[in-house]
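# Commentary on secondary and tertiary structure
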Amino acid sequence: MNNVILGNSLSDWLLAAGFIFLGVLIGRLAVGLLKGTVKRLGNDFLVTVADEIGSPLTLGVTLAGMSAAVESLTLPARISHLAGQAIAFVFVLALTWLVSGFYEALHKRVFVPYAGRSGGTIDLHLVTVLRSLARALIWFAGLASALNSIGFEVTAVLAGMGIGGVALAMASQDTVANLFGGLIVLTQRPFKAGERIEVAGVNGWVQKIGLRTTTVTNWYGRTVQIPNKIFTDGVVTNIDSQGCYYQEARLRIEPWTPPAKVEEALAILHGIIADNDLLLKNGWTALDKVDPGFLELEFWYAVAKWSADEKASIG
């Protein structure tokens, strides 16, 4: 036990290993106790939080044991300093992991159910995009803090990135415009996934709203990628904002047709609506135009809104 290894006796090394083992053990016991407690409470949100932060919490307590182990050993100043910096760096990353896990629990148990409820004011796609942005910001801030904890000059790097970012933004104006358009669509919600829209000559059903492009399946079943800047520069029609699809037909008959025959023709058109199960019962007909060369009957009929899958099955 008195043998000296790298300036420390065997008992010193065993004590250091004991600190590390104790850190791992305490971390696992703490996480197990936490998970058991929240399961007994029966709160789904707390259960998800415990599941998400369990691993980073165990890592944080283990790092505390490693720090105690380093302090218990007699090491060269440079090695002790490097070990301390490494532990501090990983500890900040573990803390970032814990914050990210807590946000993930919020996303799963609070934001997603809120966005998924009927009549909600927040679209599920927006929540998904915000999740990606939030996680990126959390890890960016965590990495910057970790680097700062070991003496790395983060501010100088950020200043350089700021200048480079301005140059990059000027060189990729279309990309920036598309990203801005995507945020406008996700926040103002002129349409949602699954709805039928018409924009820039494209008529179809929205499949996916991304930050850069929106995916639409058109009338012919073809997939169209629409740059999001189109939605800020052009006119967008949300066809599914109406209760049904109205179709118009104009029928011309001889100008000398007797009034009784005109009434009979209108009745036939009404009968088409009444007898066809595919048509809604809110259509109408009328004698719209009297012209020297013809009489024109206006016939409006309505069908229920279709989804892209329903259109594909009958197209």
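In the block above lies the structure referred to throughout.
Residues numbered from 1 in each chain as written. Predicted model: local features only at pLDDT ≥ 70, side-chain atom pairs only at ≥ 80, totals over all residues. Heavy atoms only, no water.

## A word on a nonpolar patch on the surface
Rules: Patch membership requires over 30% relative accessible area and the absence of a salt bridge. Like charges are linked within 9 Å, and nonpolar side chains (Val, Leu, Ile, Met, Phe, Trp, Tyr) within 5 Å. Residue exposure ignores everything except the shown protein chains as possible cover, and the areas themselves are Shrake-Rupley values with a 1.4 Å probe. One side-chain nitrogen of Lys or Arg within 4 Å of one carboxyl oxygen of Asp or Glu is enough to make a salt bridge. Numbering goes from the N terminus for both helices and strands, where a helix is a DSSP run of H or I of at least four residues and a strand is a run of E of at least two. Between buried and exposed lies partly exposed: a residue is buried under 20% and exposed over 50% of the maximum accessible area for its type, with that area taken using a 1.4 Å probe on protein chains only.
A cluster of nonpolar side chains, contributed by Phe21, Leu22, Leu25, Ile26 and Leu29, occupies part of the molecular surface with about 490 Å² of accessible area. Inspection of the secondary structure puts Phe21 in helix α1 (residues 10-41). A relative accessible area of 58% places Phe21 in the exposed class.

## Quick word on the packing of aromatic side chains
Rules: Ring pairs are drawn from Phe, Tyr and Trp, using the six-membered ring of Trp, whenever the two centres fall within 6.5 Å, and their geometry is named by plane angle: stacked under 30 degrees, edge-to-face over 60, tilted for the rest.
Within the structure shown, the criterion is met by seven aromatic pairs. Measuring from centroid to centroid gives 6.2 Å for Phe45 and Phe102, while their planes differ by 75°, and the two rings are edge-to-face. Of the two residues, Phe45 is situated in helix α2 (residues 44-72) and Phe102 in helix α3 (residues 77-116); the sequence distance between them amounts to 57 residues. Residue class for Phe45 comes out partly exposed when judged on its relative accessible area of 22%. Pairing Tyr246 with Trp284 gives two aromatic rings, centres 5.8 Å apart and planes at 55°, and the pair type is tilted.

## Examining the sheet that holds strand β6 (residues 223-227)
Filter applied, for reference: In this scheme, strands are said to pair when DSSP sees at least two bridges between them. Axis lines are fitted to C-alpha atoms, over the contacting stretch for helices. Their N-to-C directions set the angle, which ranges from 0 to 180 degrees.
On the basis of which strands lie adjacent, the open sheet formed by five strands has the order β6-β5-β4-β3-β7 and antiparallel pairing. Of all strands in the sheet, those bounded by a partner on one side alone are β6 and β7 (236-238). In this sheet, neighbouring strand axes are inclined to one another by 40° on average, regardless of whether the strands run parallel or antiparallel. The sheet contact formed by strand β5 (residues 213-218) and β6 spans five bridges and is antiparallel. The residue bridging Thr213 from the neighbouring strand is Pro227, located in β6.

## Regarding the sheet that holds strand β8 (residues 245-253)
For clarity, the cut-off: Contacts: residue pairs with any heavy atoms within 4.5 Å of one another.
If you walk across this open sheet you meet the three strands as β8-β10-β9, and the pairing is antiparallel. A single partner strand is all that each edge strand has here, and the edge strands are β8 and β9 (284-291). Taken pair by pair, the neighbouring strands of this sheet meet at an average axis angle of 20°, ignoring direction. When β8 meets strand β10 (residues 294-303), the two strands line up antiparallel, connected through nine bridges. Within β10, the residue paired with Tyr246 across the bridge is Ala302. Running over the sheet, helix α8 (residues 259-275) touches β8, β9 and β10 and is turned about 15° from β10.

## So, α1
Here is the rule we go by: Take the residue count of a helix, subtract one, and multiply by 1.5 Å to get its expected span.
Over its 32 residues, α1 extends 46 Å from the first C-alpha to the last, a length consistent with the 46 Å expected when each residue adds 1.5 Å. Within the span of α1, buried status applies to Ala16, Gly23, Gly27, Val31 and Val38. Where α1 is buried, its residues meet α2. Positioned one or two residues after α1, Gly42 has a phi angle of 75°, which is positive.

## So, the packing of α1 against α2
Selection criterion: Any angle between 65 and 115 degrees counts as roughly perpendicular, while under 35 counts as roughly parallel, over 145 as roughly antiparallel, and the rest as oblique. By definition, any crossing whose near helix is turned counterclockwise from its far helix by less than a right angle is left-handed, and any crossing with a clockwise turn is right-handed. Three classes are used, and their members are as follows: Ala, Val, Leu, Ile, Met, Phe, Trp, Tyr, Cys and Pro are nonpolar, Asp, Glu, Lys and Arg are charged, and the others, Gly among them, are polar.
The N-to-C vectors of α1 and α2 enclose an angle of 165°; their axes lie 7 Å apart at closest approach. Overall, the two elements α1 and α2 adopt an arrangement that is roughly antiparallel. Helix-helix and strand crossings are classified by hand; for α1 and α2 the assignment is right-handed. Taken together, the residues of the contact of α1 with α2 break down into 19 nonpolar, seven polar and four charged.

## Quick look at the environment of Val216
Relative to the assigned elements, Val216 resides in strand β5. Overall, Val216 belongs to the buried group, its relative accessible area being 1%. The residues touching Val216, leaving out its near neighbours within four places in the chain, are Ile197, Val202, Gly204, Trp205, Val206, Gln207, Arg222, Thr223, Val224 and Ile226.

## Here we look at the pairing of strand β4 (residues 202-209)
In this sheet, β4 lies alongside strand β3 (residues 196-199) in antiparallel orientation, the contact comprising four bridges. Of the residues in β4, the one forming a bridge with Val199 is Val202. Between the antiparallel neighbours β3 and β4 lie two residues, among them Ala200 with a positive phi of about 50°. Pairing geometry for β4 and β5, over five bridges, is antiparallel. From the neighbouring strand, Lys208 faces β5, where its bridge partner is Thr215. Connecting β4 to the antiparallel partner β5 that follows it, the hairpin turn spans three residues.

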